[in-house]
There are 2 protein chains.
Amino acid sequence: METRTTISELGEFGLIERLASTISLQHPTSIKGIGDDAAVIENNEGNSQTLISTDLLLEGIHFDLTYFPLKHLGYKAAIVNFSDIYAMNGTPQQITVSIGVSNRFCIEDIEELYEGIKLACSTYKVDIIGGDTSASLTGLTISITCIGIVNTKTIAYRNTAKEGDLICVSGNLGAAYMGLQLLEREKTLFRQTNNAQPDFTGKEYILQRQLKPEARKDIIELLAKESIIPTSMIDISDGLSSETLHICTQSKVGCRIYEDKIPIDYQTASMANEFNMNLVTAALNGGEDYELLFTVPLSMHEKIATLEGISIIGHTTKESLGCNLITRDGQEFQLKAQGWNALHKND
Amino acid sequence: METRTTISELGEFGLIERLASTISLQHPTSIKGIGDDAAVIENNEGNSQTLISTDLLLEGIHFDLTYFPLKHLGYKAAIVNFSDIYAMNGTPQQITVSIGVSNRFCIEDIEELYEGIKLACSTYKVDIIGGDTSASLTGLTISITCIGIVNTKTIAYRNTAKEGDLICVSGNLGAAYMGLQLLEREKTLFRQTNNAQPDFTGKEYILQRQLKPEARKDIIELLAKESIIPTSMIDISDGLSSETLHICTQSKVGCRIYEDKIPIDYQTASMANEFNMNLVTAALNGGEDYELLFTVPLSMHEKIATLEGISIIGHTTKESLGCNLITRDGQEFQLKAQGWNALHKND
């Protein structure tokens, strides 16, 4: 009988790994394929390389148009791609935008979506150079590919962290996830209570983190200004836990992350409290933070510690020691990966 | 009141034009944006440029899995992107592959799809360097972006045909469209007649053109070998009529295409006859041929005429003379563009 393995049996990362294991590279210019935030292509004779990242966003899976304005969606769709390029210590320069739209959408809707994409592009100085538009049977599909450039000497991969490096993160974590929880709650209430309008006062920050995230261009510029070259870097789209494990597994190191060092905004904490949710879980597994997680040599400690908007949250260890979270009361827990499946099941 | 323009009012090309009109380029390296088969990015200091093309394929719109085997679909999805790069007189080198799959699909299905993509990549010497995999609520979504390289001196745009050029096409036209008609008929019969198996004897070629098309790498290599640099070029995905109009409109020239010069295979003609369809309509508007349509200076006539697999089908004229088809009996008809909407309505 024919074998039929369900996708949930393998999970997102298992599927990618299984597909990637059968793919090899032939071109000498294909420097880095599957397995990082972006692929890397050699430019001829230059001291720069081309970066390529791509993201597919599907209605009902990645976004809910009930509460996600199209302009914001366009902005976010572009931002998540820029974030992948920054995560290689590169600069996004161009994108292609492909959209599939059902007849539920009108031209003005698509223009609104594009308004958001164009706003992100003008803010981050990126050109829209092409794409594809198509009818779709149901819902909205957005596929964006971003092309960036990176200096060959300062490119930051996932698999190059060294034992004894400091682990750093930009901004704060868990806010976008709490924003999502809030929007989901208000959507349910709106339906149950005769269309009562929600009051979002005091929750603007977590909503903004969900609906209008930014990519950390400023952090990349700050690191460059301070002559800090990360030994490894990744952007946080699936949550701190997953991304830390990506770096550690690929770099063959272990790590210790300290719970009390994880940066969390006041609104995030307050919302988690209101929802009676574990705040650390939101920060570890919430995802969609689009912050940068990176490692630097221990010798950089003094320099990094003075930089605003960057927190040192732990350090790498020998691989054999595993990847652990140290709680406030000194207990150790093993970090666990969360793909999309895990996240959806735990909701 | 809010204006709501339906997408069908504008059509595919109208929508693209409307969106493109609001998009400008900022980066000096963004050589060519929306409006050709692929975008063009300058490489630093080199005599080559990077090409980027992207295609979004949606189940129920672009393919029907009732009769489209997943491996063939993967092959075709890759080929249509390679074709866009060849249409710039370039060489495809890398692709990213994003897929969205509902739980109707199992891991083995996705692997079969990838088998096809990998076969195309190994045949055309292209690397798979990245992508994105995601759950989807319904159906299968495939988004492929192709990165290619082109010599700055021999790149072929759409908007550079000159008045008095010869118009040439590779291979033959209308076969993929007739293959599609055949598959659609057999699908209906299969459902009506207790699952009777179709007999495809003598129709292998048109089926192959629909289910396993090839990109014309060989033609690009032939032109290079013969030192022929097309003055303009495009690949035929939407039909000869649409693509000729793209070249003429963007190059500000008119054209005369001669019906009796349009290359059509015997199986295509025989199938059109069986369906009682107008053969020229199939060749002009059928689409999915993935042949190359290009122009060369009139002085190339003798050289081009001797090349196997290339037909001279007409010539460009002054813009004011318009774009016309000359029928076998000498009548003139204006060529008309066909986007996806038109095609679907006329089926």
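So, how was this worked out
Residues numbered from 1 in each chain as written. Chains lettered and ligands numbered in written order. Predicted model: local features only at pLDDT ≥ 70, side-chain atom pairs only at ≥ 80, totals over all residues. Helix = DSSP H or I, 4+ residues; strand = E, 2+ residues; numbered from the N terminus. Buried ≥ 20, exposed ≤ 12 C-beta atoms within 10 Å, placed from the backbone. Contact = placed C-beta atoms within 7 Å. Core = buried A, V, L, I, M, F, W, Y, C linked by C-beta atoms within 7 Å. Pairing = 2+ DSSP bridges. Axes fitted to C-alpha atoms, helices over the stretch in contact; angles between N-to-C directions. Domains from an automatic or database assignment. Nonpolar A, V, L, I, M, F, W, Y, C, P; charged D, E, K, R; others polar. Parallel < 35°, antiparallel > 145°, perpendicular 65-115°, else oblique. Left-handed = near helix turned anticlockwise from the far one by under 90°. Least-squares fit on C-alpha atoms with pLDDT ≥ 70 in both.

Below, the discussion takes up the overall build of chain A. For chain A, the helix and strand inventory stands at 11 helices and 13 strands. For chain A, the spread of C-alpha atoms along the principal axes amounts to about 60 × 55 × 55 Å. Residues classed as buried in chain A amount to 51% of the 347 residues present. A fraction of 83% describes how many contacts in chain A between residues 6 or more apart in sequence connect residues 24 or more apart.

When a protein is soluble and globular, its nonpolar side chains tend to lie buried together. Judged by nonpolar contacts, the single largest core of 204 residues is most densely connected at A:Leu51, A:Ala78, A:Phe82, A:Ile117, B:Ala78, B:Phe82 and B:Ile117. Contacts of B:Phe82, omitting those with residues within four sequence positions, involve B:Pro92, B:Tyr124, B:Val126, B:Cys146 and B:Ala215.

Now for the sheet that holds strand 5 (residues 127-135) of chain A. All names here are of chain A. Pairing is mixed across the open sheet formed by 6 strands, whose spatial order is 1-2-3-6-4-5. Looking at the sheet topology across the chains shown, the edges are occupied by strand 1 (30-32) and strand 5. For this sheet, the mean angle separating the axes of adjacent strands, direction not counted, is 20°. Where strand 2 (residues 39-42) lies against strand 3 (residues 48-58), 4 bridges are found, and the strand directions are antiparallel. Bridge pairing links Glu42 to Gln49 in strand 3. Set on the sheet, helix 2 (residues 70-86) makes contact with strand 3, strand 4 (91-101) and strand 6 (140-151); between it and strand 6 the angle comes to about 30°.

Residue and element names in this part refer to chain A. Here chain A is partitioned into domain 1 (27-151) and domain 2 (166-346). One C-alpha centre belongs to domain 1, the other to domain 2; they are set 22 Å apart. With 16 residues of domain 1 at the contact, the number on the domain 2 side is 17 residues. Residue contributions to the side of domain 1 that touches domain 2 peak at 9 residues, all from helix 2.

Moving on, we come to the pairing of strand 6 (residues 140-151) of chain B. Residues and elements named next belong to chain B. Within strand 6, 11 of the 12 residues are buried, which leaves it mostly tucked inside the rest of the structure. Across 11 bridges, strand 3 (residues 48-58) lies against strand 6 in antiparallel orientation. Directly across from Ser48, in strand 6, lies its bridge partner Asn151. Here strand 4 (residues 91-101) pairs with strand 6 via 10 bridges, running antiparallel. Following the sheet pairing, Thr91 is matched in strand 6 by Ile149.

In this complex, chain A contributes 66 residues to the contact, which on the side of chain B involves 65 residues. Take the side of chain A that touches chain B: its biggest share by element is 9 residues, from strand 5 of chain A. A breakdown of the residues in the side of chain A that touches chain B according to their chemical character gives 26 nonpolar, 30 polar and 10 charged.

Let's shift gears to the environment of B:Gly60. Tracing the chain through its elements places B:Gly60 in the loop between strand 3 and helix 2 (70-86). Residue classification places B:Gly60 among the partly exposed residues on the basis of 14 C-beta atoms within 10 Å. Sequence separation between B:Gly60 and B:Glu226 is 166 residues, and the spatial gap between their C-alpha atoms is 42 Å. In contact with B:Gly60, other than residues within four places in its own chain, are A:Leu137 and B:Gly139.

The contact between helix 3 (residues 107-124) of chain A and helix 1 (residues 7-20) of chain B brings their axes to 11 Å, and the two run at 25°. One finds that helix 3 of chain A runs roughly parallel with respect to helix 1 of chain B. For the pair helix 3 of chain A and helix 1 of chain B, the crossing hand works out as right-handed. Counting all contacts with helix 3 of chain A, which are made through A:Ile107, A:Ile110 and A:Tyr114, the residues of helix 1 of chain B involved are B:Ile7, B:Leu10, B:Leu15, B:Arg18 and B:Leu19. Class assignment of the residues belonging to the contact of helix 3 of chain A with helix 1 of chain B gives a composition of 7 nonpolar, no polar and 1 charged.

This brings us to the relation of the copies chain A and chain B. Mapping chain A onto chain B leaves a residual RMSD of 0.0 Å; the transformation is a rotation of 180° accompanied by 0.0 Å of translation along its axis. Such values leave the two copies arranged in the relation of a two-fold axis. Looking at chain A, 98% of its interface residues are interface residues in chain B too, so the copies touch through the same face.

So, about unusual backbone geometry. One can expect most non-glycine residues to show negative phi and most peptide bonds to be in trans. In this structure, A:Asn276 is a non-glycine residue whose phi angle is positive, near 55°. Tracing the backbone shows A:Asn276 in the loop between helix 8 (266-275) and helix 9 (279-285). When the 6 C-beta atoms within 10 Å are taken as the criterion, A:Asn276 is described as exposed. Positive phi is not limited to glycine here, since B:Tyr290 has a value of about 50°. Along the chain, B:Tyr290 turns up in the loop between helix 9 (279-285) and strand 10 (292-296).

This next bit is on the sheet that holds strand 1 (residues 30-32) of chain B. Residues and elements named next belong to chain B. Judged by pairing direction, the sheet is mixed, and its 6 strands sit side by side in the order 1-2-3-6-4-5 without closing on themselves. One side of each edge strand has no neighbouring strand; the edge strands of this open sheet are strand 1 and strand 5 (127-135). Put simply, the sheet's adjacent strands are angled 20° from each other on average, direction ignored. With 8 bridges connecting them, strand 4 and strand 5 associate as parallel partners. Bridged to Ser98 within strand 5 is Asp132. Taken strand by strand, helix 2 contacts strand 3, strand 4 and strand 6, and its axis lies near 30° from that of strand 6. Against the sheet, helix 3 (residues 107-124) contacts strand 4 and strand 5, and its axis sits at roughly 175° relative to strand 4.

We now examine the environment of A:Glu108. Positionally, A:Glu108 belongs in helix 3. The exposure class assigned to A:Glu108 is partly exposed, which follows from the 13 C-beta atoms found within 10 Å. Along the primary structure A:Glu108 and A:Phe294 are separated by 186 residues, whereas in three dimensions their C-alpha atoms are 41 Å apart. Beyond its immediate chain neighbours, meaning those up to four positions away, A:Glu108 contacts B:Thr3, B:Arg4 and B:Thr5.

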